[in-house]
Amino acid sequence: MYLEEGDVAEIGLSSHRIFDASGQAVERPVHVSTLSNESMELGEYRHYMQKEIFEQPQALADTLEAVCYSQSLVPGIFGAEAAAAFSQVDSILILACGTSHHAGLVARYWLEEIAGLPCSVEIASEYRYRVSVANPKTLVVTVSQSGETADTLAALNHARAQGHTHTLSICNVPESALVRLSKLRMLTRAGPEIGVASTKAFTTQLAALFLLTLVLAKQRGRLNEEEEQRHLHDLRHLPSAVQAVLKLEPDIARLAENFADKHHALFLGRGLHYPIALEGALKLKEISYIHAEAYPAGELKHGPLALVDQDMPVIAVAPNDALLEKLKSNLQEVRARGGELYVFADAGTRFHSGEGVHLMQMPEHAGYLSPILHTIPLQLLAYYVALQKGTDVDKPRNLAKSVTVE
Ligand code: AGP
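As a starting point, this report considers the structure included with it. (Residues numbered from 1 in each chain as written. Predicted model: local features only at pLDDT ≥ 70, side-chain atom pairs only at ≥ 80, totals over all residues. Heavy atoms only, no water.)

1. Quick notes on the overall build of the protein chain
Right, so step 1: Along the protein chain, the regular secondary structure elements total 14 helices and 13 strands.
Right, so step 2: In terms of C-alpha radius of gyration, the protein chain reaches 22 Å, essentially the compact-globule figure of 22 Å for 406 residues.
Right, so step 3: By its C-alpha atoms, the protein chain is 70 × 55 × 45 Å across when sized along the principal axes.
Right, so step 4: Contacts spanning at least 24 positions in sequence make up 74% of the contacts within the protein chain whose residues lie at least 6 apart.
Right, so step 5: Accessible area for the protein chain stands at about 18000 Å²; split by element, carbon and sulfur atoms hold 51% of it.
Right, so step 6: Distance between charge centroids for the protein chain: 3 Å, based on 35 positive and 48 negative side chains. (Helix = DSSP H or I, 4+ residues; strand = E, 2+ residues; numbered from the N terminus. Rg over C-alpha atoms; globule rule 2.2 N^0.38 Å. Contact = heavy atoms within 4.5 Å. Areas by Shrake-Rupley, 256 points an atom, 1.4 Å probe, with all protein chains shown as cover. Lys, Arg positive; Asp, Glu negative; His and termini not counted. Charge placed at Lys NZ, Arg CZ, Asp CG, Glu CD.)

Structure representation (structure tokens):
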């Protein structure tokens, strides 16, 4: 039974009662779950987080199913009214919290570069209390794994109260409050995520946001047939590309041993991969309790370089993209201060392991989809560092899976 806003349920061994917000006893319809037992069982894995990291190829394939079997992209994947709504939109506002907010930060690069739409991304708990200037032509996109995060729901209500009418949610739970509140929706099909640290929900959110970008770009005449087919091809290849990255697991488990006695870590990325550095830092602090921060590498010299010494591991996300040479010179600044580097580099980037440099070679460069691939080793790193520290990986202290209170 899905509870309505304000409902309270009293559950006994053989009975239940539900009261609505005014205290009246009410009945809510029963829905029979289609989830298989298997999807809730640990199977061969030690923790749900590990299982969920390894489920990513399938979760991505399921999320992309409708698109991958079709020959072209259609707005209908976001709802029957999507085409009409998208044609009126001139900008995007993404609202989310935590990991879902990081997905929004990646999407901003895609939406501006590929679809040519101005995009802002706000932390829902801040937006809900901010006096902002509403543009009725903005598409408000809320992103949430659970669809029950109190701040994200309040931010959506705040946006609507300010006059925003175009609303879209990207969510992993079909009947959630967020989905019910939004006019348009795209469901990620990651399956239940039990570990508090979000993994497969994040990469499937990225896949959904990339689809949104492509659909908007096409509708705005910014995607020709050849480009559309190339993007569809890359999306079809994505699950096997993720599978290839997962093979790094044993190497990352070894690397994680170096973090057992560390108290701080610095994550660096640039451009599209700066949000991935943020996500890597969040994963590490959330489950290993190591203090971690992320910076766009070009910001190092504006402050954080002062923190770098031999006790500060510096983790760099190093895709083979246009900012590679800039990133390399940023990393030289770290080495010159004695910082120990852990570089997750694409093939062809010509990084070498050596004194103070630990190289983790990624199989390929995935272009616009690269942030999805670069997320995987950082999830594995956080997981194996947490094992070193002996923390409760699936239920880290002080945190809840769904943050339904303010
Ligand atoms: C991520 O690992 C966190 N547990 C947390 O930041 C989470 O992403 C955030 O609370 C938002 O949750 P939601 O996606 O369900 O809205």
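Okay, back to it.
2. Some remarks on the sheet that holds strand S10 (residues 291-296)
In a beta sheet, neighbouring strands pair by backbone hydrogen bonds and run either parallel or antiparallel.
Right, so step 1: One open sheet holds the five strands; their spatial order is S10-S9-S11-S12-S13, and the pairing between them is parallel. Each having just a single partner strand, S10 and strand S13 (357-361) make up the two edges of the open sheet. Here the average twist between neighbouring strands, direction ignored, is 20°.
Right, so step 2: Bridging between strand S11 (residues 313-318) and strand S12 (residues 340-345) involves six bridges; their strand directions are parallel. Residue pairing across strands places Val317 opposite Phe344, the latter belonging to S12.
Right, so step 3: Set on the sheet, helix H12 (residues 274-288) makes contact with strand S9 (264-269), S10 and S11; between it and S10 the angle comes to about 180°.
Right, so step 4: Sheet contacts for helix H14 (residues 370-389): S9, S11 and S12; angle to S11, the most-contacted strand, approximately 155°. (Pairing = 2+ DSSP bridges. Axes fitted to C-alpha atoms, helices over the stretch in contact; angles between N-to-C directions.)

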